[in-house]
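Summary of the model geometry
Here are the chains, one letter per residue:
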Amino acid sequence: MIQIVGIGGVAMGTLDGLAARVARDLRESCRVRTVGIDPEFAFDPTRGQYHSTAILRHLAGLAAGDRLLGVAAVDLYVPIFTFVYGEAQLGGPAALVSTHRLRPEFYGEAANGTVLAGRLLKESLHELGHTYGLRHCQDWSCPMATSTAIERLDWKGEHYCDACWGQLA
Ligand SMILES: [Zn+2]
Ligand SMILES: [Zn+2]
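The rules we used
Residues numbered from 1 in each chain as written. Chains lettered and ligands numbered in written order. Predicted model: local features only at pLDDT ≥ 70, side-chain atom pairs only at ≥ 80, totals over all residues. Pairing = 2+ DSSP bridges. Helix = DSSP H or I, 4+ residues; strand = E, 2+ residues; numbered from the N terminus. Axes fitted to C-alpha atoms, helices over the stretch in contact; angles between N-to-C directions. Contact = placed C-beta atoms within 7 Å. Core = buried A, V, L, I, M, F, W, Y, C linked by C-beta atoms within 7 Å. Buried ≥ 20, exposed ≤ 12 C-beta atoms within 10 Å, placed from the backbone.

A look at the sheet that holds strand β7 (residues 86-88)
The five strands are arranged β2-β1-β5-β8-β7 in an open sheet whose pairing can be described as mixed. Of all strands in the sheet, those bounded by a partner on one side alone are β2 (30-32) and β7. The average angle at which neighbouring strand axes cross in this sheet is 20 degrees, direction not considered. Where helix α1 (residues 12-26) meets the sheet, it contacts β1 (2-7), β2 and β5 (67-72), and its direction lies at approximately 170 degrees from that of β2. Of the strands in this sheet, β1, β5, β7 and β8 (94-98) touch helix α2 (residues 52-62), which is tilted by about 135 degrees from β8.

Given below as structure tokens:
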């Protein structure tokens, strides 16, 4: 079972849509928790961002035997990077993604729910893949490839490559 929890005001419709697509891609049941998480404990007033690893640790404490994916509306960072799209625990149980920099509006483009949902799926598959023990993939069209820029994320497909899928199964 994969559980999804909203962090800092993500629309329920976004989470429900993601859950359906994650369940289909990973062939595992996926449900959305009705109560979200307030991320204020992880806020860094100097950076104006939220500490990804602190939220991830919090999620791990809430996983309760399931895999738990947090979907945050707020901007995430780890100290060595300007920002992160997400973070995960290699071998599980917790994963975290942020929609903040996945929105076309962040890049000065018009809002587009389809684009956002596709990017959110790919980034979620990436971080969830880490919880299953997958490492980064050399195939740029695979969700497990690294992505440090939104263009790289957009080049990815919405399904794991054969090699990564083989490791999952
Ligand atoms: Zn990664
Ligand atoms: Zn791959």
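Quick word on the nonpolar core
Formed by 42 residues in total, the largest nonpolar core has its most connected members in Ile4, Leu18, Ile55, Val71, Ala72 and Leu96. Within the residue set of this core, elements represented by two or more residues are β1, α1, β2, α2, β5, β6 (76-77), β8 and α3 (113-131). In this structure Ala72 touches Ile7, Gly8, Pro39, Tyr50, Ile55, Leu96 and Ser98, once residues within four positions along its chain are discounted.

Description of unusual backbone geometry
Between Gly92 and Pro93 the backbone carries a cis peptide bond, its omega angle lying at 5 degrees. Position of Pro93 among the secondary structure elements: in the loop between β7 and β8. A positive phi angle is found at Arg27, which is not glycine, with a value near 55 degrees. Tracing the sequence through the fold places Arg27 in the loop between α1 and β2. For Arg27, a count of 8 C-beta atoms within 10 Å corresponds to the exposed category. Positioned with a positive phi, Ala64 is a non-glycine residue whose angle comes to about 50 degrees. Take Ala64: it is sitting in the loop between α2 and β5.

Note that all results are geometric; they support no functional claim without further evidence.
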